[in-house]
Amino acid sequence: MIPMLMMMKVMAASGQEDAAGLEDLATEKEAEESHRQDSVNLLTFILLLTLTILTIWLFKHRRVRFLHETGLAMIYGLLVGVILRYGNPATSHHNRSPPSCSLAKGPARSSLLLNISGKFFEYTLKGEIDSRDIHNVEQNDMLRKVTFDPEVFFNILLPPIIFHAGYSLKKKHFFRNLGSILTYAFLGTAVSCFVIGNLMYGVVKLMQVVGQLSDKFYYTDCLFFGAIISATDPVTVLAIFNELHADGDLYALLFGESVMNDAVAIVLSSSIMAYQPRGANTHMFDASAFFKSVGVFLGIFSGSFMMGAATGVVTALVTKFTKLHCFPLLETGLFFLMSWSTFLLAEACGFTGVVSVLFCGITQAHYTYNNLSVESTKRTKQLFEVLHFLAENFIFSYMGLALFTFQNHIFSPIFITGAFVAIFLGRALNIYPLSFLLNLGRRHKIKGNFQHMMMFAGLRGAMAFALAIRDTATYARQMIFTTTLLIVFFTVWVFGGGTTPMLSWLHIRVGVDPDQDPQPSADTFQVLQGDAPRAEGQSKTKQESAWLFRMWYTFDHNYLKPILTHSGPPLASTLPGYCGPLASCLTSPRAYENQEQLRDPDRSDGDLSFTFGDAAIATNGLSGDCCGGTTGWNSNGKRGGSTSEEALERELDSREQELLSRGTRLVFPIEDPI
């Protein structure tokens, strides 16, 4: 008996080992299959981007402008989404009904621990499955893998897009219209948010009356929708403007508003989510909660701004006081990591990474760029340009894919129709009243055709989509995501495709040299041959520029530029005499070599009169004596020399520098400066 018992134990142990081995083998096989599926998903997006690039080349070769690259990416994403959704058979091995259990009070757990025969297993919550798809678990799992984690958009795809917007900013036109841009971005976005939010709340009440609302939809949800849908992204319009060389000030107004209101929209949406009234009803208006949300908005925005600017300043100091320029690869790597870490640092500290990385890009372009080597300047510009292009087209491809692969869409015709009407009215109440108020204080008015173009160019894009997909847990957020997706499709395809005809219909100037300011005389024409001097009257006075910019420019040129870069006047000529040792310590030796380069390229060429230290710069572009020397200017009033910041402007505007037609510059009508 004893040998038989021992043999039975050995057989039982062997059976358990075989079962454990089979279980491990099944687990390894499942992991290998999951890895293969992930590779196929990534390969799908790479092929989408490849196909988009080839089609873009074909469109540029054929000069097709009715459809932008982002619209193409969305179409290809839609086609792949249809194939993934309806091309795979809905087979499943889960034919038995799942066990039932009651849900305890409180939120659902993200993980579940089970004790099965002494072994503990952890199961992760993947999400709710519709009762109609309960036997299609494998297909649902495949579609779920194609649906990316929303954090991927925020931490990987958004930073290069936003940083490139700040790094490639055309500062001359941007700062010349700074007051108007800030008004549209801050006040205009707030107006649009509350107009859309209140109109949509009326739509929600209408849906409740007619029985089309099957779950809760609060007023704060409507305001949240108004905030995220107020983020404009006229990438299609701006690309056509750039290609056709449309008016520089109109481009600056649209580009500046889109960049700044993205930052405002994300902070505004965070403030709305932080709105928590006291008492039982947490969705009624409460004055203390409202002012708390306003404080959250100001705190998050200012904190994010300071964090981004501080990172740019630190990078500028490191590149100035070290010899990293001797190793361009290390210099480029440090620049890239410092710029990207700004976004993650702000998010980790509870601020908004979008605002931080935007102002980090502006600071890097204004200061750090001057300290980089020639190789690093080219590398950083091209690196972020490529990352921006790929990330943006990836997001638009994913938008098309998500229309069919996202499993919790809620299509409500009433809500969608009301949303289109609301965003139209919100945009109109943003542009036209604010333009009227701005024109009261502007010497050069924002013309009516400019206002109509800004109204037309209010496209929605990557930022609205990323904010909507970040939270799709509730019924209201799922309806908001579906509606946002449809609005992005419509505006990119219809408004983006109609940009070129709209420019012609509104008689907006194209073929404009970005470095040439229009003369104040109206209804006159001028033909410029070669480098012939401009006619008299082109100069603007100092009072025509924004007073805020003039004050900032003076402080920046005299103190910040010499401290953070190798350019600008030596600090010994701007700081008091008792700060001599500190000035000698902070001033770069190259600043003394470049002392004659006193005029900052951010200003329009030959248009302002300033006095810095002992140097007087006249409005015609000629400078007086400075320490016994003079600067070199050509007959056009432009500098003979070139700073690194001018090189940046030339590189960023390389396609816009000069338009030649058989050796003669094109003839343009000279109108009042905007």
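Up top you'll find the structure we're talking about.
What counts and how
Residues numbered from 1 in each chain as written. Predicted model: local features only at pLDDT ≥ 70, side-chain atom pairs only at ≥ 80, totals over all residues. Heavy atoms only, no water. Helix = DSSP H or I, 4+ residues; strand = E, 2+ residues; numbered from the N terminus. Buried < 20%, exposed > 50% of the residue type's maximum accessible area, 1.4 Å probe, protein only. Contact = heavy atoms within 4.5 Å. Areas by Shrake-Rupley, 256 points an atom, 1.4 Å probe, with all protein chains shown as cover. Patch = residues over 30% accessible without salt bridge, like charges linked within 9 Å, V, L, I, M, F, W, Y side chains within 5 Å. Salt bridge = Lys/Arg side-chain N within 4 Å of Asp/Glu carboxyl O.

Q: Would you take a moment to explain the overall build of the chain for this structure?
A: Counting secondary structure elements, the chain contains 22 helices and 8 strands. Expressed as a percentage of its 674 residues, the buried residues of the chain come to 49%. Taking the intrachain contacts of the chain between residues at least 6 apart in sequence as the baseline, contacts between residues at least 24 apart amount to 79%. As presented, the chain carries roughly 33,500 Å² of accessible surface, and 64% of it is formed by carbon and sulfur atoms.

Q: Where do I start with a nonpolar patch on the surface in this structure?
A: A cluster of nonpolar residues, Ile75, Leu79, Phe490, Trp493 and Val494, forms a patch on the protein surface that exposes about 410 Å² of accessible area. Of all elements in the fold, only helix H2 (69-86) and helix H17 (475-497) reach the threshold of two or more residues within the nonpolar patch. It is H17 that provides the largest number of residues to the nonpolar patch, a total of 3 residues. With respect to the helices and strands, the residue tryptophan 493 is situated in helix H17. Overall, tryptophan 493 belongs to the partly exposed group, its relative accessible area being 32%.

Q: Is there a simple way to think about the pattern of salt bridges in this case?
A: Two side chains carrying opposite charge are able to pair once their charged atoms lie near each other. Applying the stated rule across the entire model yields 8 salt bridges. Linking aspartate 247 and arginine 509 is a salt bridge whose minimum nitrogen-to-oxygen distance equals 2.7 Å. With aspartate 247 in the loop between helix H8 (235-244) and helix H9 (248-273) and arginine 509 in the loop between helix H18 (499-505) and strand S3 (524-526), this pair connects stretches of sequence that are 262 residues apart. The buried category is assigned to arginine 509, whose relative accessible area is 15%. For glutamate 347, the salt bridge identified is with arginine 470, shortest N-O distance 3.8 Å. Highlighted residues: glutamate 347 in helix H11 (residues 328-348) and arginine 470 in the loop between helix H16 (462-469) and H17, separated in sequence by 123 residues. By relative accessible area, which is 36% here, arginine 470 ends up partly exposed.

From the geometry alone we can't say anything about function, so treat these as descriptive.
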